[in-house]
Amino acid sequence: MSSNLATKLREGTKKAHTMAENVGFVKCFLKGTVEKNSYRKLVSNLYFVYCAIEEEMENHRQHPILSKIYFPELTRKKSLEQDLFYYYGANWREEVAPSAAATAYVERIKEVSATQPELLIAQSYTRYLGDLSGGQILKKIAQTAMNLSEAGGLAFYEFKDITDEKAFKANYRSALDELPVDEATADRIVDEANAAFGMNMKMFMELEGNLIKAIGQMLFNSL
Ligand code: HEM
């Protein structure tokens, strides 16, 4: 019997998705205003978030529900490490630290993993399905805006082990539908996905402040 979780998640996070698309930082990004320092901060925050998601998914890979949605080909940790090397240099590990919003996001991932691991479905869904959906568009925008060559700084958007992203997404959605979760659990998963959208928005909002400061500085320098 289908839990219909894929549709529940899509419908249940529609409003949050629209809100996320309308955060200033994201809107600027879509218009091609990507400032390198803000972008590399985003990459470093995402690094800590994905490390947490991937570590906890790995810890629960034998879990009766999570095992069915465990896809190691999605993991982003390695590609984010490559990008951090590109933006911060060989000493990147000493240079990067999670922001306040990223720290809270990581803490939430660890908390649900310890107390209600089935909610990690929501954490995976919100990031990975988003990456698979808008990734290629965002890659092109970032590449043009920051004048990057094909060679560096964009590994995050490349899913080397996934040949057909559309087919993979369809498969992921069927896996969601086949999960043995009852109505109440499905509702909690949708709530957690909305919370995950909120945590992403908070990370973007922090960067909005940096972006405004950087643009102000550029205007000041041009006077
Ligand atoms: C799906 C675009 C931001 C998470 C989609 C889809 C598009 C899209 C076109 C539909 C793909 C399809 O139906 O197959 C965008 C654009 C964004 C953006 C232009 C702004 C930059 C975000 C953010 C998140 C996110 C910030 C969360 C962190 C998702 C998820 C889905 C999705 C989870 C899958 C929906 C589903 O099929 O259940 N996005 N998105 N998106 N996006 Fe975004």
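All of these numbers come straight from a predicted model, not from anything done at the bench.

Trainee: Could you give me a rundown of the coordination of the iron atom of the ligand, with the residues and numbers involved?
Mentor: Only one protein atom coordinates the iron atom of the ligand: H17 (NE2), located 2.1 Å from the metal. Residue position: H17 is located in helix α2 (residues 14-21).

Trainee: Lay out the site of the ligand in plain terms, naming residues and giving numbers.
Mentor: Around the ligand, the structure places 18 residues, and the nearest of them are R10, H17, Y125, K169 and R173. Residue R10 places a side-chain N or O atom 2.9 Å away from an oxygen atom belonging to the ligand. Elements with a minimum of two residues in the shell around the ligand: α2, α3 (24-30), α8 (120-145), α9 (165-177) and α10 (183-221). Ranked by residue count, the leading element in the shell around the ligand is α8, at 7 residues. Its residues placed into classes, the shell around the ligand shows 8 nonpolar, 5 polar and 5 charged.

Trainee: So what's going on with the side chain of E54? Which residues, and what values?
Mentor: Turning to its location among the elements, E54 is positioned in helix α4 (residues 36-59). Of the side chains with opposite charge, R76 comes closest to the buried, unpaired E54, at an N-O distance of 5.6 Å. One polar contact links the side chain of E54 to the main-chain amide nitrogen of K77, over a distance of 3.1 Å. Among residues more than four places away in sequence, those in contact with E54 are L74, T75, R76, K77 and Y128.

Trainee: Go over the packing of helix α7 (residues 100-115) against α8, please, and point to the residues and values.
Mentor: Each pair of packed helices gets described by two things: the angle between the helix axes and the distance between those axes. Axis separation between α7 and α8 bottoms out at 9 Å; the angle between their running directions is 140°. Here α7 lies oblique to α8, going by the angle between them. In contact with Y105, R108, I109, V112 and S113 of α7, α8 contributes L120, Q123 and R127. Split into classes, the residues belonging to the contact of α7 with α8 amount to 4 nonpolar, 2 polar and 2 charged.

Trainee: Requested: an account of the pattern of salt bridges, with residues and values cited.
Mentor: Considering all chains together, one arrives at 10 salt bridges under this definition. In this structure, the salt-bridge partner of R127 is D131, at a minimum N-O distance of 2.9 Å. Placement of both R127 and D131 in helix α8 is noted, with a separation of 4 residues, approximately one turn of the helix. Comparing R127 with D131 shows no difference in burial state: the two are buried. A salt bridge links E158 to K139, with the shortest nitrogen-to-oxygen separation between them at 2.4 Å. Taken as a pair, E158 in the loop between α8 and α9 and K139 in helix α8 lie far apart in primary sequence, 19 residues in all.

Thresholds, definitions, all that
Residues numbered from 1 in each chain as written. Predicted model: local features only at pLDDT ≥ 70, side-chain atom pairs only at ≥ 80, totals over all residues. Heavy atoms only, no water. Donors = N, O, S within 2.8 Å, 3.2 Å for Na, K, Ca; no water. Helix = DSSP H or I, 4+ residues; strand = E, 2+ residues; numbered from the N terminus. Near = heavy atom within 4 Å. Polar contact = N/O pair within 3.5 Å; in protein donor to acceptor, adjacent residues only side chain to side chain. Nonpolar A, V, L, I, M, F, W, Y, C, P; charged D, E, K, R; others polar. Buried < 20%, exposed > 50% of the residue type's maximum accessible area, 1.4 Å probe, protein only. Lys, Arg positive; Asp, Glu negative; His and termini not counted. Salt bridge = Lys/Arg side-chain N within 4 Å of Asp/Glu carboxyl O. Contact = heavy atoms within 4.5 Å. Axes fitted to C-alpha atoms, helices over the stretch in contact; angles between N-to-C directions. Parallel < 35°, antiparallel > 145°, perpendicular 65-115°, else oblique.

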